[in-house]
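# Examination of the molecular architecture
If you want the building blocks of each chain, they are given just below.
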Amino acid sequence: MIMPDALPASTLRAETRRAATPHAATRRELLLGSGALFAWAHVPRIARAEGRDPRFLAIVLRGALDGLAAVAPVGDPDWIKLRGDNGLKLDGDTKALPLDGFFALNPAMPNLYRLYKAGQATIVHAAATPYRERSHFDGQDVLESGLAGVGRADSGWLNRALVALEPGGRVDPRGRRTFAVGPITPLVVRGPAPVLSWVPPRGTPVSDETTMRLLDLYRHTDPTLAQVLEDRVGLAALARAGGIERKPEDQGPVVQVGGIEQVRAYFAEASGAAAKFLASADGPRVGALALDGWDTHVNEGAVKGRLAALLGALDGALAAIEKGMGPAWSETVVVLVTEFGRTARVNGTEGTDHGTATVALLAGGALKGGRVVADWPGVKEADLHEKRDLKATTDLRAVLKRLLKDHLRLDDAVLAADIFPDSAAVRPMGGLVG
Amino acid sequence: VAARVARLREEEAKRVAAESGMAGAMEAKAEMAPEAAKPPTAQAPTPPAQTVPQQIFFAEAKAHFDAAITAEIGFVERLVWFWSNHFCVNADDTVMAGGYEREAIRPHVLGHFVDLLQAAEGHPAMLLYLTNTLSMGPNSVAGINRTRGLNENLAREILELHTLGVRTGYTQDDVTSFAKVITGWTILPTDSNPDHGGEFLFHRRLHEPGPQTVIGKSYRDTGVEQGRAVLADLARHPATATHIAVKLARHFVADDPPPALVALLTQRFNETEGDLWEVSKALVTAPESWSEERVKIKRPSEWNVALLRAARFAGDIRAIVPGLNRLGEPLWRPPSPRGFPDDNAAWLDGLSHRLDIANNFAQRNGDRLDAAAMLETALGPLASKETRRAVARAETKPQALTLMLMAPEFQWR
């Protein structure tokens, strides 16, 4: 019953040509209104005063990325002892990409390597949120909420950051949106500022007329649903203007299922679409998406297997973002973060279990990149957290705070109190943005 | 189909045997990449011909939805869905996802929690999904002889998600010890037993010998019974009662469930030793469950079933499955072992995709369905005058149907 075959094209044309009705005035008002929603307010005010138009995209890697598999300390004398054949090496048949004489990047990520060499990517290693237990779900809540510990997480740091950008309420708060890709909105962008969410449309498009009538009904009976639908109307207009809309006959599954090819396609599609929305003149400026699949308990395959393929898909997502951003790439910062790392040693099933510190990957033309930032804790048993995990020497909040401060121009007091509560002692890390 | 299921189980069992190095004859397959060996799962909405795993997936999916669509009173089906999500597995990891729900979940939703727990954790689908099939005790016979060892995935999720709940006092040491307790819980290889390949097996050679302490209690090494004893204690732990009570109340009543209802369900769970018949009865007879305010948005799958029941359609499983993929609730493919989220915020943003699907359905069926009559059947006195008017004044019959299916009253429960 659901998702029938696409209608013949003639039916579609008839639908769009349908004559105006008494509701047309409402529609015009609404479309004008929603167009305006996007036109203003997404650009951080102070940055705009400087003639800048910064973009910020957060990508949450759910499942806990093995940072040592993405970026390996090949210059650490204990590294080979730790991982053996499961670890990246500069020699051997699959050669890791040297970053700075100590660290090397997984060879599945040539795009990230290119950006790094061009000064448009930074790698932060041995970093973690303040969370020190090993539940994915609590870990993700801490990562995305920005709270100092596990608590009642009902909003995300990126959403609150957007709210804080315009103190004084000079802009109608209804006009300020964060942006999310996918049918389920990540916590990091949930909160007081409304969220625009977008999934590539497939199937027969709904006529504007039907949408307007439904919206009219919602406005009279259900403000919650009305708000959600209003966002859709605005986004659909934006998508059309940006040439993002899909062909009706393209009906593949939207969610990521199955083999690596579909994962690769989903990563690139979701990320590229996010970039196009953030790049468009009237679009949102701040967004997030989640890419899943990093929980590698068994046969991790960091060098050639499953994780290498996933990192390759992530590398493809970065390329799609760079392309989708177009000229706006020079004003872009993308952060890729994960809830925690994995055990330093390989477990009994050629995988890794839940751990502590990991990498954060930063990319974008606005970065002063080309560096690995790490206060390296070492991987001898005595150096490991609880003798099992890479120790956290950098608080991830120090990185995020600095990016929000320098790129979006949030101020220190707000960052320490509202965006990352109770983080005054965590000093923003210097020199990330150019 | 039964023969095909058996053959697929064999293949899966062979893969596990190969990966865990259990069977000497299977040694050659040990290097096989997991993707290469994994049976493909059903994804394409309109494939020219289905593979056997796809046929099984769709047959199980059809049974799953048929039961809901044809139920006279849907409460028990909703319990099946609730518990299936609580103890979720993923169809990407096992062809048995549908069979798991049918065999391990459905028979126990009105039985005792401890039986449900034992059935779920001991089911081959769960052992595959949370990778316990590959775990070996470091000091087990196999563990000493080989490089493989412990995998704590299943033990952690049992404690965190299935029983006690996160932050209820257990430690990393408890997780590790419990993981050792359930080493040897695996599935039967087929080369030695073609009739039962793929079924549960307690494999002594993989099992960590000796006593283990889990949450302050020492368990003697009684083989498979050691793990069952830990599960039995977890089932009657007070933290489990609270965890289950909160989840039930959140699912059936409100995102922030009334504390009195949670307390009532917790109490019933404790005093009946987890008798889910009694706990469910307490849930449906509690006044909080009958509040006039409808504050939970229907999940995509619930809305989907409501739509079919209102239309008196049997439903086409080949259309339902891709539709739910699109709405973010792919059948038996939760985003993580925590299952699909159960709060309104997670599902509200998908409203516009519902509209796309309602529109597609209406374009195809609007001419032969009477939206106003469906509104009466499905909602009756719950339909607002605004909704009635919008449906009555629609410009076309498909538009009337779209508006009916998207009416606010049809989104909330």
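Positions within a chain are numbered from 1, following the residues in the order the chain's sequence is written. Here every chain gets a letter starting at A, and every ligand a number starting at 1, in the order they are written. Totals for whole chains, interfaces and linings use all residues, but because this is a predicted model, local features are given only for residues with pLDDT of at least 70 and pairs of side-chain atoms are given and counted only at 80 or more. To obtain the side-chain values, all non-hydrogen atoms of the structure were used and water was disregarded.

## Let's talk about the overall build of chain B
Helical segments are the DSSP runs of H or I of at least four residues, strand segments are the runs of E of at least two, and each set is numbered from the N terminus. Secondary structure summary: chain B contains 22 helices and 4 strands in total. Summarising the internal contacts of chain B: among those between residues at least 6 apart in sequence, 70% fall at separations of at least 24. To measure how exposed things are, a 1.4 Å probe is used in the Shrake-Rupley method; for residues, cover is taken only from the protein chains shown. If you sum the accessible surface of chain B, you get close to 15,600 Å²; carbon and sulfur atoms cover 54% of it. What makes two residues a contact is simply this: any of their non-hydrogen atoms within 4.5 Å.

## Some thoughts on the nonpolar core
What we call a nonpolar core is a set of buried Ala, Val, Leu, Ile, Met, Phe, Trp, Tyr and Cys residues that are connected through their side-chain atoms within 4.5 Å. Between buried and exposed lies partly exposed: a residue is buried under 20% and exposed over 50% of the maximum accessible area for its type, with that area taken using a 1.4 Å probe on protein chains only. Ranked by size, the top nonpolar core spans 125 residues in total, and within it Trp83(B), Phe87(B), Phe113(B), Phe178(B) and Leu405(B) carry the most contacts. Excluding residues within four positions of it along the chain, Phe87(B) makes contact with Tyr100(B), Ile105(B), Phe113(B), Leu116(B), Leu117(B), Ala120(B), Glu121(B), Met126(B) and His162(B). By size, the runner-up hydrophobic cluster in this structure holds 67 residues, among which are Leu112(A), Ile123(A), Phe267(A) and Val379(A).

## Some details on the environment of Ala121(A)
For Ala121(A), the location among the structural elements is in strand β5 (residues 121-128). Along the backbone, Ala121(A) and Val333(A) are 212 residues apart, and their C-alpha atoms lie at a distance of 9.2 Å.

## Observations concerning the pattern of salt bridges
We define a salt bridge as a side-chain nitrogen of Lys or Arg found within 4 Å of a carboxyl oxygen belonging to Asp or Glu. Enumeration according to the criterion identifies 41 salt bridges over all chains in this entry. Between Glu271(B) and Arg268(B) there is a salt bridge, and its shortest N-O distance comes to 2.5 Å. Of the two residues, Glu271(B) and Arg268(B) are both situated in helix α13 (residues 259-271); the distance of 3 residues between them amounts to about one turn of the helix. On the basis of relative accessibility, which here comes to 46%, the residue Glu271(B) falls in the partly exposed class. The partner of Glu386(B) in a salt bridge is Lys385(B), with the nearest N and O atoms 3.6 Å apart. Relative accessible area serves as the criterion here: at 22%, Glu386(B) is assigned to the partly exposed category. It is possible to trace a salt-bridge network through shared partners that takes in Arg134(A), Glu386(A), Arg388(A), Asp389(A), Glu152(B) and Arg156(B).

## Here's the deal with helix α8 (residues 157-165) of chain A
The periodicity of an α-helix, 3.6 residues per turn, causes residues three or four places apart in sequence to face the same way. α8(A) sits mainly inside the fold: 7 of its 9 residues count as buried. Residues Trp157(A), Leu158(A), Asn159(A), Arg160(A), Ala161(A), Leu162(A) and Leu165(A) constitute the buried set of α8(A).

## Some details on the packing of aromatic side chains
Note on aromatic contacts: the rings of Phe and Tyr and the six-membered ring of Trp form a pair at centre separations within 6.5 Å, being stacked when their planes are under 30 degrees apart, edge-to-face when over 60 apart, and tilted otherwise. Scanning the model with the defined rule gives 20 aromatic pairs over all chains in all. Geometrically, the ring pair formed by Phe102(A) and Trp376(A) is edge-to-face, given 6.0 Å between the ring centres and 70° between the ring planes. Note that Phe102(A) is positioned in the loop between β3 (97-98) and β4 (104-105) and Trp376(A) in the loop between β11 (371-373) and β12 (394-395), a separation of 274 residues in sequence. Classification of Phe102(A) as partly exposed rests on a relative accessible area of 25%. By relative accessible area, Trp376(A) is classed as buried at 19%. When the centroid spacing of 5.2 Å and the interplanar angle of 85° are considered together, the rings of Phe103(A) and Trp376(A) count as edge-to-face. With Phe103(A) in the loop between β3 and β4 and Trp376(A) in the loop between β11 and β12, this residue pair connects regions lying 273 residues apart in the sequence. With respect to burial, Phe103(A) and Trp376(A) carry one shared label: buried. Among the aromatic side chains, those forming a connected cluster through ring pairs are Phe75(B), Phe82(B), Trp83(B), Phe87(B), Phe113(B), Phe252(B) and Phe269(B). Sitting over a ring, as applied to charges here, requires NZ of Lys or CZ of Arg to be within 6 Å of the ring centre and within 35 degrees of the ring normal. Across the ring face of Phe410(B), the terminal group of Lys298(B) is positioned such that the distance to the ring centre comes to 4.3 Å. The ring of Phe58(B) has Arg318(B) lying over it, and the distance from NZ or CZ to the ring centre is 5.8 Å.

## With respect to a nonpolar patch on the surface
All names here are of chain B. Surface patches are defined over residues having more than 30% relative accessible area and no salt bridge, joining like charges when they lie within 9 Å and nonpolar side chains (Val, Leu, Ile, Met, Phe, Trp, Tyr) when within 5 Å. On the surface, a cluster of nonpolar side chains totalling about 250 Å² of accessible area is made up of Val76, Leu110 and Trp277. Following the sequence through the fold, Leu110 ends up in the loop between α5 (97-105) and α6 (113-121). We classify Leu110 as partly exposed; its relative accessible area is 31%.

## Description of the confidence of the model for chain B
Caution applies to low-pLDDT parts of the model: their predicted coordinates are not meant to be read in detail. Residue and element names in this part refer to chain B. Considering every residue of chain B, the mean pLDDT works out to 87; 88% of them sit at 70 or more. A low-confidence stretch, residues 17-47 stays under pLDDT 50, and its non-local contacts, those more than four residues away or across chains, total 64 contacts. With pTM at 0.69, the complex prediction returns an ipTM value of 0.80. Every residue carries a pLDDT, the predictor's confidence in it, which falls somewhere between 0 and 100.

## With respect to helix α20 (residues 385-392) of chain B
Of all the residues in α20(B), the buried ones are Thr387(B), Ala390(B) and Val391(B). Burial along α20(B) is one-sided: seen end-on, the buried residues are contained in an arc of 95°. Every exposed residue of α20(B) that faces more than 90 degrees away from the buried side is listed here: Lys385(B) and Ala392(B). The inward-facing, buried residues of α20(B) abut α9 (208-221) of chain A together with α19 (371-378), α21 (397-406) and α22 (408-411) of chain B. Within this analysis, the arc is defined by the directions that extend from the helix axis to the C-beta atoms.

## Describing the environment of Leu405(B)
Take Leu405(B): it is sitting in helix α21. Those residues in contact with Leu405(B) that sit more than four places away from it in its chain are Trp303(B), Leu307(B), Ala358(B), Phe361(B), Met374(B), Phe410(B) and Gln411(B).

## Focus: the pairing of strand β9 (residues 332-338) of chain A
Residues and elements named next belong to chain A. Extensive coverage of β9 is indicated by the burial of 7 of its 7 residues. Because side chains alternate across β9, one face comprises the buried residues Thr332, Val334, Leu336 and Thr338, and the other comprises Val333, Val335 and Val337, equally buried. Inspection of the sheet shows strand β1 (residues 55-62) paired to β9 by 7 bridges, in the parallel sense. Counted as the bridge partner of Leu57 is Val334 from β9. Strand pairing is assigned whenever DSSP detects at least two bridges linking the two strands. Direction of pairing for β9 relative to strand β10 (residues 358-363): antiparallel, over a ladder of 3 bridges. Counted as the bridge partner of Leu336 is Leu361 from β10.

## Some points on the sheet that holds β4(A)
Residues and elements named next belong to chain A. With antiparallel pairing, 3 strands are arranged side by side in an open sheet as β2-β4-β3. With one partner strand each, in any of the chains shown, β2 (71-72) and β3 form the two edges of the open sheet. Bridge count for β2 against β4 is 2 bridges, and the pairing is antiparallel. Bridge pairing in β4 links Val71 to Leu105.

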